[in-house]
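# Analysis of the macromolecular model
Read off the chains here:
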Amino acid sequence: TLAAETGLSRREVEGLADAVHDHRDIGASLASGSFITTGMLIAPCSIKTLSGIAHCYADNLIVRAADVCLKERRPVVAMLRETPLHLGHIELMERATRYGVIVMPPVPAFYAKPKTIDDLVDQAAGRALDLLGVHSGLVRRWKEAKSPTPRR
């Protein structure tokens, strides 16, 4: 999916990271509440991952790390990628929301007057980061005169 949607290889994406963990390693450092984080952004978040979080079924590192963030009262933002939705999906979103997850589908913000796909991606990513208290400079705020200069 990564290559099809971004044109980047796994190696290229891993090269951007400070740390890389195998999703099967539920004993990784970030699977412990003693590992300090600002929170967690799951992008994209599949229905399978949302289901794991909503049912506390931490069979992989993504779900385990989200579960840890929730128990430590740290924000978890899930950029749900599925559409259209059926009632089961909506019930999972409701359940996860009750547990503290912020469900944020990456819906385009047309008030930002996007001109490129990158503008759409930057706005959605920037808004998701805002929810974690990380202000990236990517977001064009409501009624803001001009787009900010993105920090990359």
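The structure reproduced in this document is the subject of the present report. From a predicted model like this one, the values you see are computed outputs, not experimental measurements. (Residues numbered from 1 in each chain as written. Predicted model: local features only at pLDDT ≥ 70, side-chain atom pairs only at ≥ 80, totals over all residues. Heavy atoms only, no water.)

## Structural notes on the nonpolar core
- With 19 residues, the main nonpolar core has M40, I42, L50, I53, A66, V76 and V101 as its most contacted residues.
- At the level of elements, strand 1 (40-45), helix 3 (47-54), helix 4 (61-71), strand 2 (76-80) and helix 5 (87-99) are the ones that each hand at least two residues to this core.
- Among all residues touching V76, those that are not within four sequence positions of it are M40, I42, A66, C69, L70, G100, V101 and I102.
- Among the nonpolar cores identified, the runner-up in size contains six residues, and V77, M79, A124 and A128 belong to it. (Core = buried A, V, L, I, M, F, W, Y, C linked by side-chain atoms within 4.5 Å. Buried < 20%, exposed > 50% of the residue type's maximum accessible area, 1.4 Å probe, protein only. Helix = DSSP H or I, 4+ residues; strand = E, 2+ residues; numbered from the N terminus. Contact = heavy atoms within 4.5 Å.)

## Describing the pairing of strand 2
- Most of strand 2 sits inside the fold, with five of its five residues counted as buried.
- Pairing of strand 2 with strand 3 (residues 101-103), which is carried by three bridges, proceeds in the parallel orientation. Across the sheet, the residue bridging to V76 is V101, located in strand 3.
- The parallel pair strand 2 and strand 3 is bridged by helix 5, and the resulting crossover is right-handed. (Pairing = 2+ DSSP bridges. Right-handed = clockwise from strand over helix to strand, strands pointing away.)

## Digging into the sheet that holds strand 1
- In space, the three strands of this open sheet follow the order 1-2-3, with parallel pairing throughout. One side of each edge strand has no neighbouring strand; the edge strands of this open sheet are strand 1 and strand 3. Sheet twist, expressed as the mean angle between neighbouring strand axes with direction ignored, is 20 degrees.
- Running at roughly 140 degrees to strand 3, helix 5 makes contact with strand 2 and strand 3 of the sheet. (Axes fitted to C-alpha atoms, helices over the stretch in contact; angles between N-to-C directions.)

## Digging into the pattern of salt bridges
- Overall, the coordinates contain eight salt bridges when judged by the stated rule.
- Of the charged contacts in the structure, one is a salt bridge between D22 and R24, with a shortest N-O distance of 2.6 Å.
- The class of R24 is exposed, set by a relative accessible area of 61%.
- With a shortest N-O distance of 2.8 Å, R98 and E94 are connected by a salt bridge. Of the two residues, R98 and E94 both sit in helix 5, four residues apart, roughly one turn of that helix.
- On the basis of relative accessibility, which here comes to 57%, the residue R98 falls in the exposed class.
- On the basis of relative accessibility, which here comes to 41%, the residue E94 falls in the partly exposed class.
- Several salt bridges share partner residues, and in doing so they unite R127, D130 and R141 into one network. (Salt bridge = Lys/Arg side-chain N within 4 Å of Asp/Glu carboxyl O.)

## Some words on helix 4
- Residues of helix 4 that are buried include every one of L61, V63, A65, A66, V68, C69 and L70, and no others.
- The inward-facing, buried residues of helix 4 contact strand 1, helix 3, strand 2, helix 5 and strand 3.

## Focus on the packing of helix 3 against helix 5
- The N-to-C vectors of helix 3 and helix 5 enclose an angle of 45 degrees; their axes lie 9 Å apart at closest approach. By the angle between their axes, helix 3 is oblique relative to helix 5. Considering how the two elements wind past one another, helix 3 and helix 5 form a crossing that is left-handed. Contacts from I47, L50, S51, I53 and A54 in helix 3 reach H89, L92, M93, R95, A96 and Y99 in helix 5.
- Across the contact of helix 3 with helix 5, the residue classes tally to eight nonpolar, two polar and one charged. (Parallel < 35°, antiparallel > 145°, perpendicular 65-115°, else oblique. Left-handed = near helix turned anticlockwise from the far one by under 90°. Nonpolar A, V, L, I, M, F, W, Y, C, P; charged D, E, K, R; others polar.)

## Details of the packing of aromatic side chains
- The full count for this structure, using the stated rule, is one aromatic pair.
- On the numbers, 5.1 Å between centres and 75 degrees between planes, the contact of Y111 with W142 is edge-to-face. On the criterion of sequence distance, the pair formed by Y111 in the loop between strand 3 and helix 6 (117-130) and W142 in the segment after helix 6 is long-range, its members being 31 residues apart.
- Taking the relative accessible area as the measure of exposure, W142 reaches 59% and is therefore exposed. (Phe/Tyr/Trp six-rings, centres within 6.5 Å; stacked < 30°, edge-to-face > 60°.)

Fair warning: the whole summary comes from geometry, so function is off the table for now.
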